[in-house]
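Residue-level structure breakdown
Each chain is listed here by its residues.
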Amino acid sequence: MDKIKELHQAALTGFERAYAPYSNFYVGAAILSTDGNIYTGCNVENVSYPCGSCAEQNAIGAMITGGGKKIKAILILAEGKDLIKPCGACLQRIQEFSDENTTIFLADKSGIKQTLSLAELLPHGFAEKDLKHD
């Protein structure tokens, strides 16, 4: 099985384990890090909505906990009328651990539907360089 199929399967596992009793909107995410490992996350809701966490956020946490440093690719899997893209906060989180070569796959249960770069989804993201006060 190639890494992209493994990534899709990992995101599908996250999707199936998501905790979304309030919205019934399930999301799974899987990261292929530059170390070659795959890390999975799912969305976890809370009755107090701001206390929930996104699948991408949880996959990034799993990557960092597992010793990964950078995202080579991330696959976000959800079911909806349209393709589901990461929210703004998750795009910022993804950017923190990405570079210009990071690939974002948007998928549903049947497979990958769109492939984008982070720059296409977040063309003017806030980055470390913006903190410089030369």
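It should be emphasised that the depicted structure is a prediction, and the values quoted were computed from it without experimental measurement.

Observations concerning the overall build of the protein chain
Helix and strand counts for the protein chain come out as 4 helices and 5 strands. The helix and strand sequence of the protein chain, counted from the amino end, reads α-β-β-α-β-α-β-β-α. Whereas a compact globule of 134 residues would reach a radius of gyration of roughly 14 Å, the protein chain reaches 14 Å, a difference of no more than 12%. In terms of overall dimensions, the protein chain has C-alpha extents of about 50 × 40 × 30 Å along its principal axes. In the protein chain, which comprises 134 residues, the proportion classed as buried is 39%. Once local pairs closer than 6 in sequence are excluded, the contacts in the protein chain between residues at least 24 apart make up 61%.

A word on the nonpolar core
Of all hydrophobic cores here, the largest spans 19 residues; its most connected members are I31, I71, I74, I76, I94 and I104. When neighbours within four sequence positions are excluded, I31 is seen to be in contact with L7, N37, I38, Y39, A59, I60, M63, I71, A73 and I74. Grouped together as the second largest cluster of nonpolar side chains are 12 residues, L7, A11, F15 and A30 included.

Things to note about the pattern of salt bridges
All chains considered together, the criterion is met by 3 salt bridges. In this structure, K81 engages D82 in a salt bridge whose closest nitrogen and oxygen atoms are separated by 3.9 Å. Given the relative accessible area of 79%, K81 is considered exposed. Here D82 falls in the exposed class, since its relative accessible area comes to 51%. Between K129 and D130 there is a salt bridge; the shortest N-O distance is 3.2 Å. The exposure class of D130 is partly exposed, given its relative accessible area of 35%.

Notes on the sheet that holds strand β3 (residues 71-78)
With respect to topology, 5 strands assemble into an open sheet ordered β2-β1-β3-β4-β5, the strand pairing being mixed. The sheet is open, and its two borders are formed by β2 (38-42) and β5 (111-117), each paired with just one other strand. The mean angle between the axes of side-by-side strands here comes to 20°, regardless of whether they run parallel or antiparallel. The sheet contact formed by strand β4 (residues 103-108) and β5 spans 6 bridges and is antiparallel. Residue pairing for β5: F105 is matched across the bridge by T115. Contacts from helix α1 (residues 3-17) reach β1 (27-33), β2, β3, β4 and β5 within the one sheet, and its direction differs from that of β1 by about 145°.

Brief notes about the environment of A62
Turning to its location among the elements, A62 is positioned in helix α2 (residues 55-65). Considered as a pair, A62 and I31 are 31 residues apart in the sequence and their alpha carbons are 9.2 Å apart. Among residues more than four places away in sequence, those in contact with A62 are Y39 and T40.

Overview of the side chain of E45
Mapped onto the secondary structure, E45 falls in the loop between β2 and α2. Among the polar contacts listed, one links the side chain of E45 to the backbone nitrogen of Y22, at a separation of 2.9 Å. Those residues in contact with E45 that sit more than four places away from it in its chain are Y19, A20, P21, Y22, S23, N24, F25 and G52.

Considerations on the packing of aromatic side chains
How two aromatic rings sit relative to each other is set out by the distance from centre to centre and by the angle between their planes. All chains considered together, the criterion is met by 2 aromatic pairs. With a centroid separation of 6.4 Å and an interplanar angle of 75°, the aromatic rings of Y22 and Y49 are classed as edge-to-face. Of this pair, Y22 sits in the loop between α1 and β1 while Y49 sits in the loop between β2 and α2, placing them 27 residues apart in sequence. A relative accessible area of 38% means that Y22 is categorised as partly exposed.

Cut-off values and rules
- Residues numbered from 1 in each chain as written.
- Predicted model: local features only at pLDDT ≥ 70, side-chain atom pairs only at ≥ 80, totals over all residues.
- Heavy atoms only, no water.
- Helix = DSSP H or I, 4+ residues; strand = E, 2+ residues; numbered from the N terminus.
- Rg over C-alpha atoms; globule rule 2.2 N^0.38 Å.
- Buried < 20%, exposed > 50% of the residue type's maximum accessible area, 1.4 Å probe, protein only.
- Contact = heavy atoms within 4.5 Å.
- Core = buried A, V, L, I, M, F, W, Y, C linked by side-chain atoms within 4.5 Å.
- Salt bridge = Lys/Arg side-chain N within 4 Å of Asp/Glu carboxyl O.
- Pairing = 2+ DSSP bridges.
- Axes fitted to C-alpha atoms, helices over the stretch in contact; angles between N-to-C directions.
- Polar contact = N/O pair within 3.5 Å; in protein donor to acceptor, adjacent residues only side chain to side chain.
- Phe/Tyr/Trp six-rings, centres within 6.5 Å; stacked < 30°, edge-to-face > 60°.

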